[in-house]
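Residues per chain, in single letters:
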Amino acid sequence: MRRHLLLLVVLALAMAVATWWLGWWSVPVVGAAWGAARRGEGRPATTAGVAAALAWVGLLALVANRGPVGELSRTLGGVMEAPGWVPLLLALLFPALLAGSAAALAGALQRRGPAA
Amino acid sequence: MAARRRRLPAGVRYGLRIGTAAAVLGAGLVVGFRRSGPLPPLGPFLDPVHGVWAVAAQAEVPTRIAVPTLADTVRVVFDDRAVPHVFARNEADAARVLGYLHAWFRLFQLELQTRVAAGRLAEWLGPSLLGFDRQQRALALAWSADREYERLAPESRLAAVLDAYAEGVNARIAELGPRDLPLEYRLLATRPAAWQPVHTLYLMKRMGYTLAYLPDELTYERLVQAVGPAAAAALLPVNSPIQQPIVPSPRTPRVDTLILPPPVLPLPARADSAVAWDPDPDRRDASNNWVVAPWRTADGHALLAGDPHLDLSLPSIWFEAHLVVPDTFDLYGVTFPGAPLVAIGFNRNVAWSFTNTGADVLDFYEEELDDPVRPSRYRVDGAWRPLESRIERYRGPDGRVLAQDTLYVTHRGPLRRADRHARSMRWTVLDAQNVEALREAGRARSVVEWLTAMEGFRAPIQNGLVADRGGDIAVLAAGAYPIRPPGGSGLSVWDGRTSASDWQGTLPPARYPYARNPTQGFLASANQQPLDPRVDPAYLGAAWPSPWRAMRINQLLRADSSVTPDDMRRFQTDPGSARADWFVPEFLAAVEREAAAGHASEDARTAARLLAAWDRRYTRTDERAVLFEYAMEALDGRTWDEFATGPARGYSPSSTILAILLRQPANRWWDDRRTADVLETRDVVLSESLAEGYRRAVTALGPPDGGGWRWDRVRHQNIWHPLRFRALSALEIPVQGGPGLLNPSAGSGTHGASWRMVVELGPDVRAWGVYPGGQSGNPLSAWYTDRLPRWVAGELDPLPFPATPDALPADRRLAEVVAVPVPRGGS
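Residues numbered from 1 in each chain as written. Chains lettered and ligands numbered in written order. Predicted model: local features only at pLDDT ≥ 70, side-chain atom pairs only at ≥ 80, totals over all residues. Heavy atoms only, no water.

1. Examining the overall build of chain B
- Of regular secondary structure, chain B possesses 22 helices and 30 strands.
- At 29 Å, chain B has a C-alpha radius of gyration in line with the 28 Å of a compact globule built from 827 residues.
- Principal-axis analysis of the C-alpha atoms gives chain B an extent of 95 × 95 × 70 Å.
- Looking at chain B as a whole, 61% of its 827 residues qualify as buried.
- A fraction of 71% describes how many contacts in chain B between residues 6 or more apart in sequence connect residues 24 or more apart.
- Of the roughly 31500 Å² of accessible surface on chain B, 53% is carried by carbon and sulfur atoms. (Helix = DSSP H or I, 4+ residues; strand = E, 2+ residues; numbered from the N terminus. Rg over C-alpha atoms; globule rule 2.2 N^0.38 Å. Buried < 20%, exposed > 50% of the residue type's maximum accessible area, 1.4 Å probe, protein only. Contact = heavy atoms within 4.5 Å. Areas by Shrake-Rupley, 256 points an atom, 1.4 Å probe, with all protein chains shown as cover.)

2. Observations regarding the overall build of chain A
- Summing up its helical and strand segments, chain A has five helices and zero strands in all.
- Written out in order from the N terminus, the α and β elements of chain A read α-α-α-α-α.
- Each of the three principal axes of chain A carries a C-alpha extent, and together these read 50 × 30 × 25 Å.
- By residue count, 47% of the 116 residues in chain A fall in the buried class.
- Look at the contacts in chain A between residues 6 or more apart in sequence, and 70% of them connect residues 24 or more apart.

3. A few points about the interface of chain A and chain B
- Residue-level contacts link 37 residues of chain A with 36 residues of chain B.
- Summed over both partners, the interface of chain A with chain B buries about 3200 Å², with 82% contributed by carbon and sulfur atoms.
- Counting the surface chain A buries against chain B, the share from its top three residues, Trp 24, Leu 72 and Val 79 of chain A, is 20%.
- Summed over the shared surface of chain A and chain B, the number is four residue pairs in polar contact (both at pLDDT 80 or more).
- The set of elements that each furnish at least two residues to the side of chain A that touches chain B consists of helix H1 (2-22), helix H3 (44-64), helix H4 (69-79) and helix H5 (86-110) of chain A.
- Per-element tally for the side of chain A that touches chain B: the top contributor is H5 of chain A, with 13 residues.
- For the side of chain A that touches chain B, the residue count by class is 26 nonpolar, eight polar and three charged. (Buried area = accessible area lost by both parts, 1.4 Å probe. Polar contact = N/O pair within 3.5 Å; in protein donor to acceptor, adjacent residues only side chain to side chain. Nonpolar A, V, L, I, M, F, W, Y, C, P; charged D, E, K, R; others polar.)

4. Some details on the nonpolar core
- Counting 139 residues, the largest nonpolar core has Trp 318, Phe 346, Trp 427 and Trp 450 of chain B as the members making the most contacts within it.
- Formed by 75 residues, the second largest nonpolar core is a distinct cluster that contains Ala 51 of chain A together with Ala 57, Val 758 and Trp 791 of chain B. (Core = buried A, V, L, I, M, F, W, Y, C linked by side-chain atoms within 4.5 Å.)

5. Points about the sheet that holds strand E8 (residues 319-325) of chain B
Residue and element names in this part refer to chain B.
- Strand order in the open sheet formed by 11 strands is E1-E30-E2-E3-E8-E9-E10-E11-E19-E20-E22, with mixed pairing between adjacent strands. Every interior strand has two partners, whereas the edge strands, strand E1 (66-67) and strand E22 (514-516), have only one.
- Bridge count between strand E20 (residues 473-478) and E22: three bridges; the pairing is antiparallel. Within E22, the residue paired with Ala 474 across the bridge is Arg 516.
- Relative to the sheet, helix H3 (residues 91-118) contacts E1, strand E2 (74-79), strand E3 (84-87), E8, strand E9 (329-335) and strand E30 (813-821), its axis offset from that of E8 by approximately 160°. (Pairing = 2+ DSSP bridges. Axes fitted to C-alpha atoms, helices over the stretch in contact; angles between N-to-C directions.)

6. Here we look at the sheet that holds strand E21 (residues 494-495) of chain B
Residues and elements named next belong to chain B.
- Spatially, the four strands line up as an open sheet ordered E17-E18-E12-E21, and their pairing is mixed. One side of each edge strand has no neighbouring strand; the edge strands of this open sheet are strand E17 (415-418) and E21.
- Note that strand E12 (residues 362-366) and E21 share two bridges and pair parallel. Bridge pairing in E21 places Tyr 365 opposite Trp 494.

7. Thoughts on helix H9 (residues 198-212) of chain B
- For H9 of chain B, built from 15 residues, the straight-helix expectation of 21 Å at 1.5 Å per residue is met to within 8% by its first-to-last C-alpha distance of 21 Å.
- In terms of residue burial, H9 of chain B counts as a mostly covered element, since 13 of its 15 residues are buried. (Expected span 1.5 Å × (residues − 1).)

8. Considerations on unusual backbone geometry
Residue and element names in this part refer to chain B.
- Going from Thr 252 to Pro 253, the amide bond is cis rather than trans, its omega being 5°.
- By secondary structure assignment, the location of Pro 253 is in the loop between strand E4 (242-243) and strand E5 (254-255).
- In this chain, Ala 459 is followed by Pro 460 through a cis amide linkage whose omega measures -5°.
- Its location among the elements puts Pro 460 in the loop between helix H13 (447-454) and strand E19 (462-468).
- Despite not being glycine, Ala 82 shows a phi value in the positive range, around 65°.
- Here Ala 82 lies in the loop between E2 and E3.
- Looking at Ala 82, the relative accessible area reads 0%, which means it is buried.

9. So, helix H10 (residues 216-227) of chain B
Residues and elements named next belong to chain B.
- End to end, H10 covers 16 Å across 12 residues, agreeing with the expected 16 Å (1.5 Å per residue, within 8%).
- Those residues of H10 that fall on the buried side of the exposure criterion are Asp 216, Glu 217, Thr 219, Tyr 220, Leu 223, Ala 226 and Val 227.
- Those residues of H10 that are buried lie in contact with helix H11 (229-235) and E12.
- Gly 228, located one to two residues past H10, shows a positive phi value of around 95°.

10. A look at the pairing of strand E27 (residues 756-761) of chain B
All names here are of chain B.
- Most of E27 is tucked away, with six of its six residues classed as buried.
- Relative to E27, strand E7 (residues 302-311) runs antiparallel, the two being bridged by five bridges. Its bridge partner lying in E27, Ala 305 is registered against Val 758.
- The hairpin formed by E27 and strand E28 (residues 765-770) contains three residues between the paired strands.

11. Observations regarding the layout of surface pockets
Residues and elements named next belong to chain B.
- Roughly 560 Å³ of internal volume is contained in the second largest pocket.
- Lining the second largest pocket are 35 residues, with Gln 58, Ala 59, Trp 104, Arg 172 and Asp 180 positioned closest to its centre.
- When contributions to the lining of the second largest pocket are tallied by element, the ones reaching two or more residues are H3, helix H7 (157-175) and helix H8 (183-188).
- Ranked by the residues each element gives to the lining of the second largest pocket, the list is headed by H3, at eight residues.
- Of the residues assigned to the lining of the second largest pocket, the class counts are 19 nonpolar, seven polar and nine charged. (1 Å grid on protein atoms, 1.4 Å probe; cavity = no way out; pocket = protein on both sides within 12 Å on 5 of 7 lines; lining within 4 Å. Points joined across faces, edges and corners; volume = space filled by probe spheres on them.)

12. Some details on the pairing of E7 of chain B
All names here are of chain B.
- Among the 10 residues in E7, nine count as buried, and that is most of the element.
- In this sheet, E7 lies alongside strand E6 (residues 286-292) in antiparallel orientation, the contact comprising seven bridges. Each bridged residue has a counterpart across the sheet, and for Asn 288 the counterpart in E7 is Asp 307.
- Bridge count for E7 against strand E26 (residues 751-753) is three bridges, and the pairing is antiparallel. The residue of E26 that forms the bridge with Asp 311 is His 751.

13. So, the packing of helix H18 (residues 625-639) of chain B against helix H20 (residues 682-701) of chain B
Residue and element names in this part refer to chain B.
- Following both chains from N to C, one finds H18 and H20 inclined at 130°, their axes separated by 7 Å at the closest point. The angle between H18 and H20 falls in the class oblique. Classified by chirality, the crossing of H20 by H18 is right-handed. In this structure, H18 contributes Val 626, Leu 627, Tyr 630, Ala 631, Glu 633, Ala 634, Leu 635, Arg 638 and Thr 639 to the contact, and H20 contributes Val 685, Leu 686, Glu 688, Ser 689, Leu 690, Glu 692, Gly 693, Tyr 694, Arg 696, Ala 697 and Leu 701.
- Partitioned by chemical class, the residues of the contact of H18 with H20 number 12 nonpolar, three polar and five charged. (Parallel < 35°, antiparallel > 145°, perpendicular 65-115°, else oblique. Left-handed = near helix turned anticlockwise from the far one by under 90°.)

14. Some remarks on a nonpolar patch on the surface
- The grouping of Val 17, Trp 20, Trp 21, Leu 22, Trp 25, Val 29 and Leu 62 of chain A together with Phe 33 of chain B at the surface amounts to a nonpolar patch, some 880 Å² of accessible area in total.
- Considering each element in turn, the nonpolar patch owes the most residues, four residues, to H1 of chain A.
- Tracing the backbone through its elements, the reader meets Trp 25 of chain A in the loop between H1 and helix H2 (26-37).
- The partly exposed category is assigned to Trp 25 of chain A, whose relative accessible area is 37%. (Patch = residues over 30% accessible without salt bridge, like charges linked within 9 Å, V, L, I, M, F, W, Y side chains within 5 Å. Salt bridge = Lys/Arg side-chain N within 4 Å of Asp/Glu carboxyl O.)

15. Observations concerning the side chain of Arg 579 of chain B
Residue and element names in this part refer to chain B.
- Counting through the fold element by element, Arg 579 comes out in helix H16 (residues 578-596).
- Since its relative accessible area comes to 7%, Arg 579 is described here as buried.
- Not counting the four nearest positions on each side in its chain, Arg 579 is found in contact with Trp 548, Tyr 618, Phe 628, Glu 629, Met 632, Ser 655 and Pro 739.

16. Section: the confidence of the model for chain B
- On average, chain B scores 93 in pLDDT, and the residues at 70 or more come to 96%.
- Across residues 268-283 of chain B, confidence stays below pLDDT 50; counting only partners more than four residues off in sequence or on other chains, it has 29 contacts. (pLDDT = per-residue confidence, 0-100.)

17. Brief notes about the packing of aromatic side chains
Residues and elements named next belong to chain B.
- One pass over the full model with this rule turns up 31 aromatic pairs over all chains.
- Aromatic pair Phe 108 and Tyr 185: ring centres 5.6 Å apart, planes at 85°, arrangement edge-to-face. A residue pair is termed long-range when its members are at least 10 positions apart, and Phe 108 in helix H3 and Tyr 185 in helix H8 qualify at 77 residues.
- Look at Phe 108 and you get buried, because its relative accessible area is 4%.
- Ring centres of Tyr 332 and Phe 346 lie 5.2 Å apart, and the angle between their planes is 10°; this geometry places the pair in the stacked category. Residue Tyr 332 is located in strand E9, and its partner Phe 346 is located in strand E10 (residues 342-346); the two are separated by 14 residues in the primary sequence.
- Take Tyr 332: its relative accessible area is 0%, and that puts it in the buried class.
- Clustering of aromatic rings is evident, with ring pairs tying together Phe 587, Trp 614, Tyr 618, Phe 628 and Trp 711.
- We note Arg 348 situated over the ring of Phe 801; from NZ or CZ to the ring centre the distance is 3.6 Å. (Phe/Tyr/Trp six-rings, centres within 6.5 Å; stacked < 30°, edge-to-face > 60°. Lys NZ or Arg CZ within 6 Å of the ring centre and 35° of its normal.)

What follows is the structure, given as structure tokens:
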């Protein structure tokens, strides 16, 4: 369990660093690498999804330290004519789905077919 | 027995797993990289480092200013209202830093305004804006700006300033990293384009359109079709029947005789071809300004107040700035983001403000073309002349060409074709506007110097009120007034086949409406007819806005011979109404007469009792103004029912015409055309309108004293973000104001005082001001709407006016930035 948590944190950190340096598209790339590397072990797709969400939560927390992220979310929600928490939720779901699906896809392809 | 779950074959499960993952990933990547309907690409948008969230962490004011072309060091001190005080050593550097600051605070607005004038909104917002773009380009604003810029001598001071300003704007654009992009660019998934010097002229042309595109001849043409030429001429009179001119005239205010000839009936059957009217006729751009001579003020110093009324927006159309270049200028006021000039403001000696004159500076000409579909020539004096043409291509956000038009231009101006007509337009705004005159006026050291500088101003014609520390006050309605051929009317469409129809020049400055140090000790303008036609009958325009605001401010100033700056401030949101003073007694008298004759309804008598108790003040807690306004709307509808259908469908004559009609109780205009056998008179219509207004108020708002009639629950200002996002706008703001008041609020409530300023010209110039909004265009900034509460309350902020950077009091100092020349590629 502890090892699993440690891996999750390491993966989240990797995704945060990749996002910082390369941009949002690096999240599915890291997720795919994770899925390929951890194929057949536990649930790499779930781990990748959670790690991506955690990574972006952490980065948003850094931004929030320097400005009103909650207020911005409310404003964006207003622009989208949706509740103010929707943009923040989107900011977590989006990387989670990208990383999770990329990990799942990479893991499945690594097995090279149903018999693998 | 539970059914045994059938397990899918491994191959199918594998296929499903891989298919689902691929579908989710594919969908995620598609919405990540590409627009989805109104949504921007979600990847770069939601990115927590480089995406929209970075807007939350953007600085409130610049911490460094790097303009590669600066010639010298510039000190910029921000006061506690985020107003920059720019201390430069030369004029070009001041323009560079102002350009940089405009871009820093208002970049999206800067570009948006230019795109509006250029008719290039569809490139940002898609095909739904194509119609708007076509209208704008047909006006040839960009065409004329390009032409004006090409003709500008490269060595001229204006060219140098426009170039310097563009360098400042572009310096900011060049340094924009992914985290610095304003919110709107992220929502539209676009990046700012480079700023060209000519874009400033685009903005000035667009202001010209806002203030001086008054095609009254088209209105007149439809009215002629609807009610005949005699009635049409009376509905759009050349001279206001209620005279309270800007240039003081003896025995005014004065009511002149104006008989409204009856409409020609039956109406021509052209209703379906009619173009819908502006649904908000009271919106016509307006403004107030007034000056008081020292001998009428409490402290013995000249006082000036100004509040230009425009479409309100968030961010505001204005950006406050203080620009200092030693021995050249030291001026404070409001600037347009996009232009290197202080439009309204003051310097160490002089203060000035503008209202729109609304003169007739536009004419249409019916042209004869060689080919109605693909013309190449037009005929003048029997000879064919070549048409100038320019291809206009309209693109969408993806760069695809949505449509293409050809803009044709005669020697008069752009040509428009519709309904078998080919009409060219002559319009002073399309000529050189000479904004340099405004810049020159900002350097004036006295009223006389200011007036001299403004004589060169061309368009849009403005009523400039000015005062100086020496105690002089003056007004000059400056700009190019066309001289038309004798016998012609500015309200008719001219025959383009003859050069005899062309303008013969413009009035010399000596003929501009002007007054200086009048014996009454004050001057006031509120868009009313500038000259009393009994003093000077020259045709300057027609269909002047109702003079209610002018009458009210004259009344207030006449009654006060010891005016203070705070009086000036109070007057700007004065709740009194000359319009209500005129109409309320008429309603009451009509109901009384109808009641005496046994005709007044119970509702009319109840409404009259309520209205009689009203003090005619539109305060926010007032509970009777709504009854009056509803009654006025009913009166408008019942009186002008001739315009319910037909070519002038939706038209509503000004309330001045209605006021004059009140003096003609049996005029046929009072007849309600829905009642075929009855000829209504004034009293019947007034009485029934009041009853209708009462019933509407009770139905919509409840009983009169139930609290629902409070004015602040009915009348609101709505200040929209240009992209019409409610979340970025300030809506349903209660105000102390109303139709025809000094603080106007009518129709959709999108129009109002865009800047309020009071200046006292004593030994040291003192000034106060406010606009609805704040300095920043960032909706997350503390300075996006910080001034709004004080604007709503009618309060003004003291404006610090330091002579040196260090003279700004410490308790009002927010930050200081020293802008230094930075070599290209440096940091």
